[in-house]
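Structure at a glance
Chain residues, written in single-letter form:
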Amino acid sequence: MPSLFLKDELVEKAPAVVGFEVIRYIRASGKKRISIFDVVDHFKREKWFSFNAFMYGVTFLYAVGLLEFEEPYLVAIDAD
């Protein structure tokens, strides 16, 4: 079974770190819902960005209940 965190990968690419960056960007935009295309466009120039890192980060946010999907939008859920 693959590990969520690998000891030989960059910390910046870890799902929890990428998820934090994504949710921080969504909340900083002042909107609760934002197009996934806008999010990818914002992060595609970052050093850590890759399709796998982004998808694992978004999946992590969904798994912990901080993000929902309304195609093609990402919806930030307020944590209690």
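Okay, so let's go over this structure. (Residues numbered from 1 in each chain as written. Predicted model: local features only at pLDDT ≥ 70, side-chain atom pairs only at ≥ 80, totals over all residues. Heavy atoms only, no water.)

**Description of helix H3 (residues 51-63)**
Taking 1.5 Å per residue as the helical rise, H3 with its 13 residues ought to reach 18 Å, and the 18 Å between its terminal C-alpha atoms agrees with that figure. Burial in H3 covers these residues: Ala-53, Phe-54, Gly-57, Val-58 and Leu-61. Seen end-on, H3 carries its buried residues on one side only, within an arc spanning 125°. Facing away from the buried side of H3 by more than 90 degrees, the exposed set consists of Phe-51, Tyr-56 and Ala-63. Residues of H3 that are buried make contact with helix H1 (15-28), helix H2 (36-43), strand S2 (67-70) and strand S3 (73-76). One or two residues past the end of H3 sits Gly-65, with phi positive at roughly 85°. (Helix = DSSP H or I, 4+ residues; strand = E, 2+ residues; numbered from the N terminus. Expected span 1.5 Å × (residues − 1). Buried < 20%, exposed > 50% of the residue type's maximum accessible area, 1.4 Å probe, protein only. Arc of directions from axis to C-beta. Contact = heavy atoms within 4.5 Å.)

**Considerations on the pattern of salt bridges**
Under the criterion given, the structure shown has 3 salt bridges. Across the pair Glu-21 and Arg-24 runs a salt bridge, and its minimum N-O distance is 2.8 Å. Taken as a pair, Glu-21 and Arg-24 lie in helix H1 at a separation of 3 residues, close to a single helical turn. Judged by relative accessible area, Glu-21 falls into the partly exposed class, the value being 23%. Between Lys-44 and Asp-41 there is a salt bridge whose closest N-O contact spans 2.9 Å. With relative accessibility at 44%, the residue Lys-44 sits in the partly exposed group. (Salt bridge = Lys/Arg side-chain N within 4 Å of Asp/Glu carboxyl O.)

**Some details on the packing of aromatic side chains**
Summed over all chains, the structure comprises 5 aromatic pairs. Ring centres of Tyr-25 and Phe-43 lie 5.6 Å apart, and the angle between their planes is 70°; on these two criteria the pair is classed as edge-to-face. Here the residue Tyr-25 occupies a position in helix H1, and Phe-43 occupies one in helix H2, the gap between them amounting to 18 residues. A relative accessible area of 23% means that Tyr-25 is categorised as partly exposed. Relative accessible area serves as the criterion here: at 3%, Phe-43 is assigned to the buried category. Put simply, the rings of Tyr-25, Phe-43, Trp-48, Phe-49 and Phe-54 touch in pairs and so form one group of aromatic residues. Directly above the aromatic system of Tyr-73 lies the positively charged group of Arg-33, at a separation of 4.0 Å from the ring centroid. (Phe/Tyr/Trp six-rings, centres within 6.5 Å; stacked < 30°, edge-to-face > 60°. Lys NZ or Arg CZ within 6 Å of the ring centre and 35° of its normal.)

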